[in-house]
Amino acid sequence: MRNGVDSGPASIRLLAADDPCPVAVLNPGAPSPFLLLGDHAGRAVPRALGRLGLMEVHFDLHIALDIGIEGLGAALSARLDATFVHQRYSRLVIDCNRRPGAEGSVVEVSDRVVVPGNADLSPGAVAARLSEIYQPYQDEIARTLDARTERPTVLVALHSFTPSMQGDARPWRLGVLHRHDSAFSAAVLALMRAELGDAVGDNQPYTMDGTDNTIPLHADPRGLDYLELEVRQDLLVDSQGQLAMADWLAPLLRNALDAISAA
């Protein structure tokens, strides 16, 4: 058992030799104080699970991944000279931003879409997803942080959100999620709102609460500051949008860090 994750029966294996590695690291060892994270950046499904009983079109939707985050993370990594650690598998296989065993860790229904391949899973099947997909991702973040103990680090978790959810429009362009304990998040929110006003949500379209996993798991025991950023997905649908967002975000993140360092 690692970090509370039971690996399950040794005979259960999920990933085959030709399946993608669950975690990707872009620009390892980079000098930036920012460590970029992408919990939901990927859309892969292990070959053994087929397509979870879904059609291919479902894996282009927000239920499967945070649209545009892989491209945004790569662009920010280049502009900030920062390491970007991201998950390659779909959140429909296992949600790396949910605690093991928590509601939403493996969803049977997402935004009214039934996921047949997630119904009535055995404990061993769930344990295989945790040990082979969730855990390597979290372990890689931990290893990266362990190698940076002599340098200041701010965690930046990148997410994107759908412009409407279950028929409700979401007017925000971006959202800053926090627990009222992050000087960096407050500085980012202030700078964004100075430019965009109420188009930037304060704990909108989600509130950072007990459902979030990655930031508390890694930031809290190390005493690190953080930002959990949400970007509306229609702003990231193509490389042009992703590059434009990175061009805007990179100097803003630097300015926010300078502001709290000078305070």
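All of these numbers come straight from a predicted model, not from anything done at the bench.

**Student:** Whenever I open this one, the sheet that holds strand 11 (residues 225-232) confuses me. Can you help?
**Tutor:** Strand pairing within a sheet occurs via backbone hydrogen bonds; the two strands may be parallel or antiparallel. Read from one edge of the open sheet, seven strands run 1-3-2-6-11-9-10, paired in mixed fashion. At either end of the open sheet lies a strand with only one pairing partner, and these are strand 1 (23-26) and strand 10 (200-202). Taken over all neighbouring pairs, the strand axes of this sheet differ in orientation by 20 degrees on average, direction set aside.

**Student:** Is there a simple way to think about the packing of helix 2 (residues 123-146) against helix 4 (residues 214-222) in this case?
**Tutor:** The axes of two packed helices give the description: the angle between them and the distance between them. Running from N to C, helix 2 and helix 4 cross one another at 30 degrees; their axes reach a closest spacing of 11 Å. The angle between helix 2 and helix 4 falls in the class roughly parallel. Taken as a pair, helix 2 and helix 4 cross one another with a handedness that is right-handed. Between helix 2 and helix 4, the contacting residues are Tyr134, Tyr137, Gln138, Ile141, Ala142, Leu145 and Asp146 on the first element and Thr214, Leu217, His218 and Arg222 on the second.

**Student:** Can you walk me through the layout of surface pockets in this structure?
**Tutor:** Over the atoms, a rolling probe the size of a water molecule traces out where space has been left empty. Approximately 650 Å³ is the volume found for the largest pocket. In terms of lining, the largest pocket is formed by 29 residues, of which the most central are Arg91, Asp95, Arg98, Met165 and Tyr206. At the level of elements, strand 6 (154-161) and strand 11 are the ones that each hand at least two residues to the lining of the largest pocket. At the level of secondary structure, the elements contributing two or more residues to the lining of the second largest pocket comprise helix 1 (69-80) and strand 3 (83-87). The element contributing the most residues to the lining of the second largest pocket is helix 1, with three residues. A class-by-class count of the residues in the lining of the second largest pocket yields six nonpolar, six polar and three charged.

**Student:** Help me understand the environment of Ala48 in this model?
**Tutor:** Looking at where Ala48 falls in the secondary structure, it is placed in the loop between strand 2 (34-38) and helix 1. Ala48 gets classed as exposed once you look at its relative accessible area, which sits at 60%. Separated by 204 residues in sequence, Ala48 and Leu252 place their C-alpha atoms 43 Å apart.

**Student:** Got a minute to help me understand the packing of aromatic side chains in this structure?
**Tutor:** The way to describe two aromatic rings as a pair is by their centre distance and the angle between their planes. One pass over the structure, following the stated rule, counts one aromatic pair. With centroids separated by 5.7 Å and ring planes inclined at 45 degrees, the aromatic side chains of Phe34 and Phe184 adopt a geometry described as tilted. A residue pair is termed long-range when its members are at least 10 positions apart, and Phe34 in strand 2 and Phe184 in helix 3 (residues 183-196) qualify at 150 residues. Over the ring of Phe59 we find Arg51, and its NZ or CZ is 4.2 Å from the ring centre.

**Student:** Explanation requested: the nonpolar core in the structure shown.
**Tutor:** Membership of the largest hydrophobic core comes to 38 residues, with the highest contact counts inside it found for Leu92 and Leu155. Among the elements of the structure, strand 2, helix 2, strand 6 and helix 4 are those that each provide at least two residues to this core. Sorting elements by how many residues they give to this core places helix 2 first, with seven residues. The residues contacting Leu92, other than those within four sequence positions of it, are Leu52, Leu54, Phe59, Ile63, Ala64, Val107, Ser110, Val115, Asn118 and Arg129. The next biggest cluster of nonpolar side chains, apart from the first, holds 34 residues, and it includes Val156, Ala187, Val188 and Ala250.

**Student:** Would you take a moment to explain helix 2 for this structure?
**Tutor:** Since there are 3.6 residues in each turn of an α-helix, residues three or four apart along the chain are aligned in direction. Taking the largest bend as the criterion, helix 2 deviates by roughly 40 degrees, centred on Gln135, and proline Pro136 comes between one and four positions later. The buried fraction of helix 2 amounts to 18 of the 24 residues, a majority that puts the element mostly inside the structure.

**Student:** Would you mind showing me how to read the pairing of strand 9 (residues 174-177) here?
**Tutor:** Here strand 9 shows two buried faces, one formed by Leu174 and Val176 and the other by Gly175 and Leu177. As paired strands, strand 9 and strand 10 are joined by three bridges and run parallel to one another. Directly across from Leu174, in strand 10, lies its bridge partner Val200. Crossover connection from strand 9 via helix 3 to parallel strand 10: handedness right-handed. Sheet topology note: the strand 9/strand 11 ladder contains four bridges and is antiparallel. In the strand pairing of strand 11, Leu174 is matched with Val231.

**Student:** Can you walk me through the side chain of His159 in this structure?
**Tutor:** Tracing the backbone through its elements, the reader meets His159 in strand 6. With sequence-adjacent residues up to four places away left out, His159 is seen in contact with Asp39, His40, Asp66, Ile69, Asn97, Glu228, Leu229, Glu230 and Val231.

About the criteria used
Residues numbered from 1 in each chain as written. Predicted model: local features only at pLDDT ≥ 70, side-chain atom pairs only at ≥ 80, totals over all residues. Heavy atoms only, no water. Pairing = 2+ DSSP bridges. Helix = DSSP H or I, 4+ residues; strand = E, 2+ residues; numbered from the N terminus. Axes fitted to C-alpha atoms, helices over the stretch in contact; angles between N-to-C directions. Parallel < 35°, antiparallel > 145°, perpendicular 65-115°, else oblique. Left-handed = near helix turned anticlockwise from the far one by under 90°. Contact = heavy atoms within 4.5 Å. 1 Å grid on protein atoms, 1.4 Å probe; cavity = no way out; pocket = protein on both sides within 12 Å on 5 of 7 lines; lining within 4 Å. Points joined across faces, edges and corners; volume = space filled by probe spheres on them. Nonpolar A, V, L, I, M, F, W, Y, C, P; charged D, E, K, R; others polar. Buried < 20%, exposed > 50% of the residue type's maximum accessible area, 1.4 Å probe, protein only. Phe/Tyr/Trp six-rings, centres within 6.5 Å; stacked < 30°, edge-to-face > 60°. Lys NZ or Arg CZ within 6 Å of the ring centre and 35° of its normal. Core = buried A, V, L, I, M, F, W, Y, C linked by side-chain atoms within 4.5 Å. Bend = angle between axes of the 7 residues up to and from the residue. Right-handed = clockwise from strand over helix to strand, strands pointing away.

In short, geometric facts, not functional conclusions.
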